[in-house]
Amino acid sequence: MKVLRSRNRLYKINLKIDSPVCLMSKLDEPAWLWHARMGHLNFESLSQLSSKDMVRNLPKITHVTNVCDACQIGKQTRLPFPSHASFRATKPLELIHADLCGPLTPETWSSNKYMFVMIDDFSRYMWCSLLNSKDQTFSKFKRSKGLIEAETCQKMVTLRTDRGGEFTSREFNQWCEDQSIRRNLTAPYTPQQNGVVERRNRTLVGMI
Ligand SMILES: [Zn+2]
């Protein structure tokens, strides 16, 4: 824009306001609509949800062979690592996978940038909380542990994380020791060893 300076050193611009435009996306095909509504859930699971009547008002989904372009592009990654001696917990809270995911861009309305995710290996139940900054991880974990243990009437045994600074600080380690939580750290630069939670992060971010 280029305008002349007026006498009182103001730069006045006359802008014409355009009439507002509202954009709306619309899907006519119910299968595609519900695919999008459920955060790009695969069609196999969608049809399972509908056949078992697990979602109110979900129509019958029949063509499970639909291929979604967005899913194809957004969800493709490297092949999974060969799973060596994949240990599976035998009771709730025996093994908890945790990870901090972020920074998320754009941040949420309440300026949260990180997602702290904990998954129970046995049930694959997930606890997820939003954080402003990384340094809230420790206090969030302390609080969540108490709540989770109360909720499940079980005691947390092992915690598996990567070697991120938020999980390896002295106070974090000390607290885990005091609480008799066994630590299980994955090898550096090998997110594949933290597969359970890394996979779930992808699902979450995909849905966002
Ligand atoms: Zn999709």
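Everything quoted here is computed from the prediction, not taken from an experiment. Each chain has its residues counted from 1, running along the sequence as written. Since the coordinates come from a predicted model, pLDDT governs what is reported: local features require at least 70, and pairs of side-chain atoms require 80 or more to be given and counted, while whole-chain, interface and lining totals use all residues. The side-chain values count all of the structure's non-hydrogen atoms but skip hydrogen atoms and water molecules.

The subject of this paragraph is the domain arrangement of the chain. Interface extent is often summarised as the accessible area lost during association of the parts. Each domain's limits were defined by an automated method or a database of domain assignments. In terms of domains, the chain is made up of domain 1 (30-75) and domain 2 (95-207). Between the C-alpha centres of domain 1 and domain 2 there is a distance of 29 Å.

Take the side chain of Asn201 next. Secondary structure follows DSSP: runs of H or I at least 4 residues long count as helices, runs of E at least 2 residues long count as strands, and numbering of each begins at the N terminus. Structurally, Asn201 can be placed in helix 7 (residues 195-207). Residue class for Asn201 comes out buried when judged on its relative accessible area of 5%. Polar contacts, as used here, are pairs of N or O atoms within 3.5 Å; protein pairs need one atom able to donate a hydrogen and one able to accept it. Residues neighboring in sequence count only if both atoms are side-chain atoms. A distance of 3.1 Å separates polar atoms of two side chains, one belonging to Asn201 and the other to Asp99. Contact criterion: two residues are considered in contact whenever any of their non-hydrogen atoms come within 4.5 Å of each other. Apart from the residues within four sequence positions on either side, Asn201 is in contact with Asp99, Cys101 and Val117. Remark: exposure states derive from per-residue accessible area (1.4 Å probe, protein chains only) relative to the maximum for the residue type, with buried under 20%, exposed over 50%, and partly exposed in between.

So, about the coordination of the zinc ion. By definition of the ideal shapes, four donors in a tetrahedron about a metal sit 109.5 degrees apart, and six donors in an octahedron sit 90 or 180 degrees apart. Every protein donor of the zinc ion is accounted for by His35 (NE2), His40 (ND1), Cys68 (SG) and Cys71 (SG), and the metal-donor separations fall at 1.8 to 2.4 Å. Coordination geometry of the zinc ion: the four donor atoms subtend angles of 105 to 117 degrees at the metal centre, consistent with an arrangement described as tetrahedral. Water is not among the atoms examined, so metal sites may look incomplete; donors are the N, O and S atoms within 2.8 Å of the metal, or within 3.2 Å for Na, K and Ca. Sequence spacing among the residues donating to the zinc ion works out to H-x4-H-x27-C-x2-C. Of the two residues, His40 is situated in the loop between helix 1 (30-37) and helix 2 (43-51) and Cys68 in the loop between helix 2 and helix 3 (69-75); the sequence distance between them amounts to 28 residues. Under this scheme a four-donor centre is tetrahedral when all angles range from 85 to 135 degrees, a four-donor centre is square planar and a six-donor centre octahedral when opposite donors are above 155 degrees with the rest from 65 to 115, and any other centre is irregular.

This part covers the pattern of salt bridges. When a carboxyl oxygen of Asp or Glu lies within 4 Å of a side-chain nitrogen of Lys or Arg, that pair is called a salt bridge. By the definition in use, this model includes five salt bridges. Here Lys113 ties to Glu107 by a salt bridge, and the two come within 3.5 Å at their closest N and O atoms. Its relative accessible area of 39% is what places Glu107 among the partly exposed residues. Members of the salt-bridge network, linked through shared partners, are Arg88, Asp121 and Arg124.

Turning our attention to the packing of helix 4 (residues 137-152) against helix 6 (residues 170-178). Between helix 4 and helix 6, the least distance of the axes is 11 Å, while the angle of their chain directions is 15 degrees. In terms of their interaxial angle, helix 4 and helix 6 are classed as roughly parallel. The handedness of the crossing between helix 4 and helix 6 comes out as right-handed. Every residue of helix 6 that contacts helix 4 at Phe138, Phe141, Lys142 and Lys145 is listed here: Glu171, Phe172, Trp175 and Cys176. Of the residues belonging to the contact of helix 4 with helix 6, the class tally is five nonpolar, no polar and three charged. Helix axes use the C-alpha atoms of the stretch in contact, all axes being lines fitted to C-alpha atoms, and the angles between their N-to-C directions lie in the range 0 to 180 degrees. In these notes the angle categories are as follows: under 35 degrees is roughly parallel, over 145 is roughly antiparallel, 65 to 115 is roughly perpendicular, and the rest is oblique. Left-handed describes a crossing whose near helix is turned anticlockwise from the far helix through less than a right angle; right-handed describes the clockwise counterpart. Charged residues are taken to be Asp, Glu, Lys and Arg, nonpolar residues to be Ala, Val, Leu, Ile, Met, Phe, Trp, Tyr, Cys and Pro, and polar residues to be all remaining types, Gly included.

The next thing to look at is the sheet that holds strand 1 (residues 95-101). Think of it this way: DSSP has to see at least two bridges between two strands before they count as a pair. Taken in spatial order, the five strands line up as 3-2-1-4-5 in an open sheet, and their pairing is mixed. Of all strands in the sheet, those bounded by a partner on one side alone are strand 3 (126-131) and strand 5 (182-185). Within the sheet, the average angular offset between the axes of one strand and its neighbour, ignoring direction, is 20 degrees. Pairing analysis gives six bridges linking strand 1 to strand 2 (residues 114-120), with the strands arranged antiparallel. Among the inter-strand pairings, Ile96 is bridged to a residue of strand 2, identified as Asp120.

Our next topic: the UniProt feature "domain: Integrase catalytic" (unreviewed entry) in the chain. Under the present numbering, the feature "domain: Integrase catalytic" (unreviewed entry) in UniProt falls on residues 88-208. Taken end to end, residues 88-208 has its terminal C-alpha atoms 29 Å apart, with 35% of it in helix and 23% in strand. UniProt positions are given in the numbering used here, feature names are shortened, and annotations may be inferred rather than shown by experiment.

We now examine the packing of aromatic side chains. Only Phe, Tyr and Trp rings are paired, with Trp represented by its six-membered ring, and only when their centres lie within 6.5 Å; those with planes under 30 degrees apart are stacked, over 60 edge-to-face, the remainder tilted. Counting across every chain of the model gives eight aromatic pairs. Between Trp32 and Phe43 the ring centres are 5.1 Å apart and the planes differ by 75 degrees, which places this aromatic pair in the edge-to-face class. Of this pair, Trp32 sits in helix 1 while Phe43 sits in helix 2, and the two are eleven residues apart along the sequence. By relative accessible area, Phe43 is classed as buried at 4%. Among the aromatic residues, ring-to-ring pairing joins Phe116, Phe138, Phe141, Phe167, Phe172 and Trp175 into one connected group. Placement of a positive charge over a ring is assigned whenever Lys NZ or Arg CZ falls within 6 Å of the ring centre and within 35 degrees of the normal to the ring plane. The ring of Trp34 carries Arg37 above its face, with NZ or CZ at 4.9 Å from the centroid. Above the face of the Phe138 ring, Lys142 is positioned so that its terminal group lies 4.3 Å from the ring centre.

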